[in-house]
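Survey of secondary and tertiary structure
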Amino acid sequence: MENTHGNKKLFSISEVSRLSGISVRTLRYYDEINLLIPTITTKAGYRLYDENALRRLQIILLYRELEFPLKEISDVMSGNNFDIKNALERQIKLLQKKKTHIENLITLAEGIKILGVNNLDFSEFDVRKIDEYEEQAKANWGNTPEYKEFEQKSVGRTAEDYSSLAMGLMNIFREFGKLRELQSSDGKVQQLVGKLQDYITENFYTCSDEILLSLSKMYSGGGSMQRNIDQASGEGTAEFVTHAIEYYCDDKRQ
């Protein structure tokens, strides 16, 4: 039997879950914290939602995609001046900024890969090969602040210097390999993540948390970088480093 409220159709919590992809448990929690209150709760305890509630849920999910904490979403949406149209306009602007940010991170990661960092061992390259990588990187990545910083720090570096830097990076991964039986949250592991971030900043470019997180995806992305890390540091080290970085960055956002 179809549920209605006046002339409006009502949706059960299971229907809302199916439509939105949000679990029933989460919807119940949203009700408990007064973020998404059902339009009607029957005497039997069944939660029913109308289309206005579904539109509110869409706004909530958009804010969640933008990584807003639930409390902030609740504060914004419970304000007396809350307007769905204005909220959508603000979210569109935020999404556009996030899109630009993600595109910049992708460009940065591609540039890092072009620079040859994914090979870790530069000893197989002669100076001509390194120059070729740098020319490609400049064409694709030259307008970013990180590349300009990399250029400044690269002045006067030789192939041997690159090899030494790559070896220093590999030694940090070897340290991770020795700790991979620990939890990602372990203090020693997290301290080593900070060491990795500092090493990249000191020798290549300023490694923000966002950049570090982007790099972590490359470490365990299934390519030559992951193979080289695991071969030198032990099977599973690359994935361990990725999880450790994710915890590191998540913990700093709290």
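Residues numbered from 1 in each chain as written. Predicted model: local features only at pLDDT ≥ 70, side-chain atom pairs only at ≥ 80, totals over all residues. Heavy atoms only, no water.

F176, L196 and Y219 are the most contacted members of the largest nonpolar core, which totals 32 residues. Of all elements in the fold, only α8 (159–179), α9 (187–203), α10 (209–219), α11 (224–233) and α12 (237–253) reach the threshold of two or more residues within this core. Top element by residues in this core is α8. It accounts for eight residues. Grouped together as the second largest cluster of nonpolar side chains are 18 residues, F11, I13, V16 and Y30 included. (Core = buried A, V, L, I, M, F, W, Y, C linked by side-chain atoms within 4.5 Å. Buried < 20%, exposed > 50% of the residue type's maximum accessible area, 1.4 Å probe, protein only. Helix = DSSP H or I, 4+ residues; strand = E, 2+ residues; numbered from the N terminus.)

This next bit is on the sheet that holds strand β3 (residues 11–12). Here three strands make up an open sheet; going across it, the order is β3-β5-β4 and the pairing antiparallel. At either margin of the open sheet sits one strand with a lone partner, and together these are β3 and β4 (40–41). Alignment of β4 against strand β5 (residues 47–49), held across two bridges, turns out to be antiparallel. Residue pairing across strands places I40 opposite L48, the latter belonging to β5. (Pairing = 2+ DSSP bridges.)

With phi around 65 degrees, N34 is a residue other than glycine that occupies positive phi space. Following the sequence through the fold, N34 ends up in the loop between α2 (24–32) and β4.

Turning next to the packing of helix α1 (residues 13–20) against α2. α2 packs onto α1 with a crossing angle of 110 degrees between their chain directions and a minimal axis gap of 9 Å. For the element pair α1 / α2, the angle class is roughly perpendicular. Once α1 is placed against α2, the crossing between them reads as right-handed. Residues I13, S14, V16 and S17 of α1 form the contact with α2, whose participating residues are V24, L27 and R28. Residue composition of the contact of α1 with α2, grouped by class: four nonpolar, two polar and one charged. (Axes fitted to C-alpha atoms, helices over the stretch in contact; angles between N-to-C directions. Parallel < 35°, antiparallel > 145°, perpendicular 65-115°, else oblique. Left-handed = near helix turned anticlockwise from the far one by under 90°. Contact = heavy atoms within 4.5 Å. Nonpolar A, V, L, I, M, F, W, Y, C, P; charged D, E, K, R; others polar.)

Residues of α1 that are buried: I13, V16 and S17. Angularly, the buried residues of α1 cover 100 degrees about the axis, an arc narrow enough to put them on a single face. More than 90 degrees from the buried face of α1, the exposed residues found are R18 and L19. Buried residues belonging to α1 abut β3, α2, β5 and α3 (51–65). (Arc of directions from axis to C-beta.)

With that out of the way, let us pick up α2. Taken together, the buried positions of α2 are occupied by L27, Y30 and D31. The arc that holds every buried residue of α2, seen down its axis, measures 100 degrees, which confines them to one face. Exposed and oriented more than 90 degrees from the buried face of α2 are R25 and E32. Check the buried side of α2 and you find it contacts α1, β5, α3 and α4 (70–77). At the exit of α2 stands N34, carrying a positive phi of roughly 65 degrees.

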